[in-house]
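Chain by chain, the residues run as shown.
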Amino acid sequence: MRADDEGSGAVTGMGVVAACAGLVCAGTAAWLLGGRHGGPGRARLLLAGADGGAGETAAGGGTGRGAGAGAELWQLVLARVGRLGAEWWSVAAGIVLALLGMSVLPLLAGALGVPALRKVRMARGAQRDRERNGEAVIALCAALAGEVRAGRQPGEALRHAAQDSGGLGGARAAVLAAARFGGDVPGALTEAARGPGAEGLLGLAACWRVAVDRGAGLAAGLDRLEAALRAERDQRADLRAQLAGARSTAVMLAGLPVLGLLLGTALGADPLHVVLHTGPGLMCLLVGAVLEGAGLWWALRIVRGAEEA
């Protein structure tokens, strides 16, 4: 009787996992087909070979039309999948673990991991944008110093330097308009410095104000500003390289429980069944997940605080 109960429980758990996986796959398919082919367009795409199938088969053209529709559908699927972020791989991993462990918990964990991984990906994208904007500001200072040394007036030199470097970001139009029509260029540069990674424009605004209002040399100030920005960039890069080991160690330690599960599976101990289908295993899984998340967050917070300092 006990074996029968366990067998029926396993069958029920497998049925639940299969149903959840089927719902996820159905939703994914509906999302993939619901892009630019909406309503009648999607119907024409799916039933492209059904309308004139008999007549075109007699004429020898039905197969070609169906193949064309299949190729277009496949291209649409690949395009939609290519737009997915890397965070959706957690859902795929959750589905695999759910099928292996015959439990819906890995699928739920994979779905809950999508927002966190998306936040990490967006933070990395914002960091790359800040670094790119910082490099553009350095290039703008160097180009502007060269234009001033070539004998151009500050406003004209700023217009040419902005075209070459693109260091003004989204406030380029306002800054160039102020430079062309005699407006408040330092004020426009200060507004542009609010963008991510464009803090160096505050120094450019100060150099412009001192050079134009007091007659000081603009090129010399720009050279010193460029040197300071380059030194700050190199210092940040060196600090990031030194902290890369600590960050990698924290991530590696966070992955050790997964390695333990894989080793247990390879040895035939079936740790997924113990963790997902027994009371002590579920308790250990809950406590371990909380401690794992807290430790990883704390370690990465220390590293991030060192970078910001």
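Residues numbered from 1 in each chain as written. Predicted model: local features only at pLDDT ≥ 70, side-chain atom pairs only at ≥ 80, totals over all residues. Heavy atoms only, no water.

Draft legend 1. How the structure looks around the overall build of the protein chain. What the protein chain contains, in helices and strands, is 14 helices and zero strands. Ordered by position from N to C terminus, the α and β elements of the protein chain give α-α-α-α-α-α-α-α-α-α-α-α-α-α. Across the 309 residues of the protein chain, 27% fall into the buried class. For the protein chain, long-range pairs separated by at least 24 residues make up 58% of all intrachain contacts whose partners lie at least 6 apart in sequence. Here the protein chain has roughly 19100 Å² of accessible surface; of this, 65% comes from carbon and sulfur atoms. (Helix = DSSP H or I, 4+ residues; strand = E, 2+ residues; numbered from the N terminus. Buried < 20%, exposed > 50% of the residue type's maximum accessible area, 1.4 Å probe, protein only. Contact = heavy atoms within 4.5 Å. Areas by Shrake-Rupley, 256 points an atom, 1.4 Å probe, with all protein chains shown as cover.)

Draft legend 2. Highlighting the nonpolar core. Core analysis: the largest hydrophobic core is formed by 31 residues, its most contacted members being Leu-158, Leu-168, Leu-201 and Leu-204. Put simply, the parts of the chain that give this core at least two residues each are helix H6 (105-149), helix H7 (154-165), helix H8 (172-180), helix H9 (185-192), helix H10 (200-214) and helix H11 (218-254). Ranked by size, the runner-up nonpolar core spans five residues in total, among them Val-91, Ile-95, Ala-98 and Leu-107. (Core = buried A, V, L, I, M, F, W, Y, C linked by side-chain atoms within 4.5 Å.)

Draft legend 3. Highlighting the packing of H8 against H9. Put simply, H8 and H9 touch, their axes get as near as 9 Å, and they point 175 degrees apart. With respect to H9, the element H8 is oriented roughly antiparallel. Contacts between H8 and H9 involve Ala-174, Val-175, Ala-178 and Ala-179 on the former and, on the latter, Val-185, Ala-188, Leu-189 and Ala-192. In terms of residue class, the contact of H8 with H9 is made up of eight nonpolar, no polar and no charged. (Axes fitted to C-alpha atoms, helices over the stretch in contact; angles between N-to-C directions. Parallel < 35°, antiparallel > 145°, perpendicular 65-115°, else oblique. Nonpolar A, V, L, I, M, F, W, Y, C, P; charged D, E, K, R; others polar.)

Draft legend 4. Up close: a nonpolar patch on the surface. A contiguous nonpolar surface patch, about 490 Å² in accessible area, is contributed by Met-252, Leu-253, Leu-256, Leu-259 and Leu-263. Of all the elements in the fold, those that place two or more residues in the nonpolar patch are H11 and helix H12 (256-266). Ranked by residue count, the leading element in the nonpolar patch is H12, at three residues. Note that Leu-253 resides in helix H11. For Leu-253, a relative accessible area of 48% translates into the label partly exposed. (Patch = residues over 30% accessible without salt bridge, like charges linked within 9 Å, V, L, I, M, F, W, Y side chains within 5 Å. Salt bridge = Lys/Arg side-chain N within 4 Å of Asp/Glu carboxyl O.)

Draft legend 5. Layout of H6. Taking 1.5 Å of rise per residue, the 45 residues of H6 would be expected to cover 66 Å, and the 67 Å separating its terminal C-alpha atoms lies within 8% of that figure. At Val-114, H6 is bent by approximately 30 degrees, the largest bend along its length, and proline Pro-115 sits one to four residues beyond. Two residues or fewer past H6, Gly-151 is found with a positive phi of approximately 100 degrees. (Expected span 1.5 Å × (residues − 1). Bend = angle between axes of the 7 residues up to and from the residue.)

Draft legend 6. Expanded view of the pattern of salt bridges. Per the counting criterion, the structure on display carries 12 salt bridges. Residue Glu-135 is joined to Arg-233 by a salt bridge in which the shortest nitrogen-to-oxygen separation is 3.0 Å. Taken together, the residues Glu-135 in helix H6 and Arg-233 in helix H11 connect sequence positions 98 residues apart. Note that Asp-223 is salt-bridged to Arg-149, the shortest N-O span being 1.9 Å. With Asp-223 in helix H11 and Arg-149 in helix H6, the pair connects residues that are 74 residues apart, well separated along the chain. Taking relative accessible area as the criterion, Asp-223 reaches 28% and is therefore assigned partly exposed. Its relative accessible area of 53% is what places Arg-149 among the exposed residues. Here the residues in one salt-bridge network are Glu-87, Arg-118 and Arg-121, joined through shared partners.

Draft legend 7. View of the packing of helix H5 (residues 89-101) against H6. Running from amino to carboxyl end, H5 crosses H6 at an angle of 170 degrees, the nearest separation of the two axes being 7 Å. Comparing their axes, H6 and H5 come out roughly antiparallel. Contacts between H5 and H6 involve Ser-90, Val-91, Gly-94, Ile-95, Leu-97 and Ala-98 on the former and, on the latter, Pro-106, Leu-107, Gly-110, Ala-111, Gly-113, Val-114 and Leu-117.

Draft legend 8. Representation of the packing of aromatic side chains in the model. Per the stated rule, a full pass over the model turns up one aromatic pair. Measuring from ring centre to ring centre gives 6.0 Å for Trp-297 and Trp-298, while their planes differ by 50 degrees; the resulting arrangement is tilted. (Phe/Tyr/Trp six-rings, centres within 6.5 Å; stacked < 30°, edge-to-face > 60°.)

Any functional reading would require information that these geometric values do not contain.
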